[in-house]
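# Notes for the structure review
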Amino acid sequence: MMIQGFSKLDREGKIELLIRHNHLPAEETELLYRYLHSQDQALFDDISENTLSNYLLPYGVAPNFRINGTTYGVPMVTEESSVVAAAAKGARFWAAHGGFQTKVVQTLKLGQIVFTHHGSEDLLQQLLPQLREHLVHAIGHLTANMERRGGGIRSMAIHRIENVPHTWQLLVGFETADSMGANFINTCLEMMAPELRLFLEKQFPELPSPEIVMAILSNYTPDCLVECTVSCPVDALAELAGNLSPLAFARKFERAVLVARHDVHRAVTHNKGIMNGVDAVVVATGNDFRAVEAGVHAYAAAEGCYRGLTHVDLSDTHFTYRLQLPLALGTVGGLTGVHPLAKLSLTLLQNPDAPRLMEIAAAAGMANNFMAVTSLVTHGIQKGHMKMHLSNILNSLGATPAEKELAFIHFQSQTVSYSQVDGFLKKMRHHG
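Computed from a prediction, not measured in an experiment: that's the story for all the values here. (Residues numbered from 1 in each chain as written. Predicted model: local features only at pLDDT ≥ 70, side-chain atom pairs only at ≥ 80, totals over all residues. Heavy atoms only, no water.)

### Some details on the overall build of the protein chain
When helices and strands are tallied, the protein chain shows 16 helices and 10 strands. Structurally, the protein chain occupies a C-alpha span of about 90 × 65 × 40 Å along its principal axes. Long-range contacts, defined here as pairs at least 24 residues apart, represent 71% of the contacts in the protein chain between residues at least 6 apart. Element-wise, carbon and sulfur atoms account for 54% of the exposed surface of the protein chain, whose accessible area totals about 21900 Å². Put simply, the protein chain has 34 plus and 41 minus side-chain charges, and the middle of one group is 7 Å from the middle of the other. (Helix = DSSP H or I, 4+ residues; strand = E, 2+ residues; numbered from the N terminus. Contact = heavy atoms within 4.5 Å. Areas by Shrake-Rupley, 256 points an atom, 1.4 Å probe, with all protein chains shown as cover. Lys, Arg positive; Asp, Glu negative; His and termini not counted. Charge placed at Lys NZ, Arg CZ, Asp CG, Glu CD.)

Dropping the structure here:
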C-alpha cells in the first residue's frame, strides 16, 4: 500500500504511521525520540526532509598532524575507530620526520551544459570566443560577487559527446573561492543555458533548433587537485618495520603500492584506505563526501583502468611517498555554516580557506593509507583492526562494564573475533 501525504504529517504522525505500516514494536517509537536533540532539533529538521530522529556518529580528533610546518588536531567523523587510531599514529610518526608537505595544484571546478547541434563542428568551435563573451556578459550580475572574492568563470570548451548523435557539451570552468560552489555553478549554468540556445539559433537559423538537454555541475574535478608528500631516511622506518630491516620493509611497501597501481582488486581497497581519512574530515567539516568519493574514484580510472593513487620513490637511503587526488571542498556556505560541529571543526583547524582544507584532508588520507599499507606488509591488518573492534563486539553481546574490563585484559594477548569474544563471555558467565 502506498503512503500518501507523508511529508505533510508532523513528526509524531510520521512516526506513528511508520510504526503501524511496518508492524514495528511500539518501543521503536521511544528509540526515535531518544535521539532527538533537546536544543537544536529544529536546525537538524531543516537540514534534511522527513526527519524522524538523528543518526549519531562519533566525532573524534586525530592530534599531531604537522602539515607544511603547522600542527593541527584534525576532526574526524567515522564509525570505525581504527580510522582515527591509524590517522593519529601516522600523524605522530610523520610529525617526527618532517611532517606532511602539501600543495594545491589547481582549484578549477567544472560544470556542463549539454545541448544538441546538427551543424558543423568546425564552425561551432570557431564561434566559441564569441559565445564565451556573450555568456559571461549575460550572467555578469550573478558572478560579480564571486569575482570580488577572486572567483568567477575561468574557461569554456565545446566537446562532442561520443556515441550520442548530435549531442555536445559546453564545459565551463569555475573558480569558487572558499565555497564548494555547487549552488553557484548550477545557478550560473541554468541561466547560461537559454542564452546558449538563443545564440545557436541566431548563428544557425537554417538548422533544427538546438535543445538544452541539461545544465549541471560535474563532480569530476580533475583540475581541482591537491598533492601530499612524506619523506624520510630509510633507517627512520625501523620503528614500523617489525621483523624486517628498514630497507626490506621499504621495498615490500613499494611492491604493495605497485600492486595497487596495476591490480584493480587491490587498487579499490588501497584507495578506500585513503578515503577512510579523507571522508572523515569531509564529513566533520560539513562537506559533500559523496561528491568527493565519486570524483576521486573517477580520477583513479582516468587512464582507462582503475589505479591506486599513491606512488613510492625509493633509493637505498631515502623513502618518499606521494599522493595526488581531486578534492572540491569549501569552508563557507552549505552545511559548513549551519551545523554547529562543522563550525567547530573549522575552528579547530584554525579557520582554513578552501585550499588549506584540501591539504588537511589529503594529509588525513595519506596518514590512513600509509598505516594501512604498513600493517599489511608487516603483521597484517586484522590484529590492530580487531583490537579496535573489540568494543563493538562486546556491546553487541551485551557485556557489562565488569565483563568489558576483563575482556580487554584477556584479549591483549589473544586473537579477537566475534566467536572468540562470545565464547569468552559465555565461559565467564557460566563460571560466574
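### Topic: the pattern of salt bridges
Evaluation of the coordinates by the stated rule reveals 14 salt bridges. Between Arg 251 and Asp 316 there is a salt bridge, and its shortest N-O distance comes to 3.1 Å. You can see Arg 251 sitting in helix α9 (residues 246-262) and its partner Asp 316 sitting in the loop between β9 (310-314) and β10 (318-326), a full 65 residues away along the chain. Taken together, the shared-partner salt bridges connect Arg 261, Glu 303 and Arg 307 into one network. (Salt bridge = Lys/Arg side-chain N within 4 Å of Asp/Glu carboxyl O.)

### Some thoughts on the sheet that holds strand β6 (residues 167-175)
Strands sit in the order β5-β6-β4-β7 across an open sheet of four strands; the sheet is antiparallel. Edge positions in the sheet fall to β5 (152-160) and β7 (212-218), since each of these pairs with one other strand and no more. Pairwise comparison of adjacent strand axes, ignoring direction, gives a mean angle of 15° for this sheet. Lying over the sheet, helix α6 (residues 128-138) contacts β5 and β6, oriented at roughly 140° with respect to β5. (Pairing = 2+ DSSP bridges. Axes fitted to C-alpha atoms, helices over the stretch in contact; angles between N-to-C directions.)

### A look at the nonpolar core
Soluble globular proteins tend to bury their nonpolar side chains together. By size, the foremost hydrophobic cluster in this structure holds 95 residues, and its most contacted members are Phe 65, Leu 170, Met 192, Leu 325 and Leu 327. Looking at this core, the element that brings in the most residues is helix α13 (residues 354-376), giving 12 residues. Apart from the residues within four sequence positions on either side, Leu 325 is in contact with Cys 224, Leu 225, Val 226, Ile 274, Met 275, Val 278, Val 296, Tyr 299, Leu 309 and Ala 362. (Core = buried A, V, L, I, M, F, W, Y, C linked by side-chain atoms within 4.5 Å. Buried < 20%, exposed > 50% of the residue type's maximum accessible area, 1.4 Å probe, protein only.)

### Details of the pairing of strand β8 (residues 225-233)
Note: strand β3 (residues 101-104) against β8, four bridges, orientation antiparallel. Looking across to β8, one finds that Val 104 is bridged to Val 226. Here nine bridges tie β8 to β10, and the two strands are oriented antiparallel to one another. The partner of Glu 227 across the bridge, within β10, is Gln 324.

### With respect to the packing of aromatic side chains
Inspection of the entire model under this criterion finds 12 aromatic pairs. Taking the centre distance of 6.0 Å and the plane angle of 20° together, the rings of Phe 93 and Phe 370 count as stacked. With Phe 93 in helix α4 (residues 81-95) and Phe 370 in helix α13, the pair connects residues that are 277 residues apart, well separated along the chain. For the pair shown, Phe 93 and Phe 370 are each scored as buried. Members of the aromatic cluster, each reached through a chain of ring pairs, are Phe 93, Trp 94, Phe 249, Phe 253, Phe 319, Tyr 321 and Phe 370. (Phe/Tyr/Trp six-rings, centres within 6.5 Å; stacked < 30°, edge-to-face > 60°.)

### Considering the sheet that holds β8
The sheet built from four strands is open, its strands ordered β3-β8-β10-β9 with antiparallel pairing. Either end of the sheet is taken by a strand with one partner, and the two such strands are β3 and β9. Looking at each pair of strands side by side, their axes are set apart by 15° on average, direction ignored. Where β9 lies against β10, five bridges are found, and the strand directions are antiparallel. Within β10, the residue paired with Asp 313 across the bridge is Thr 320.

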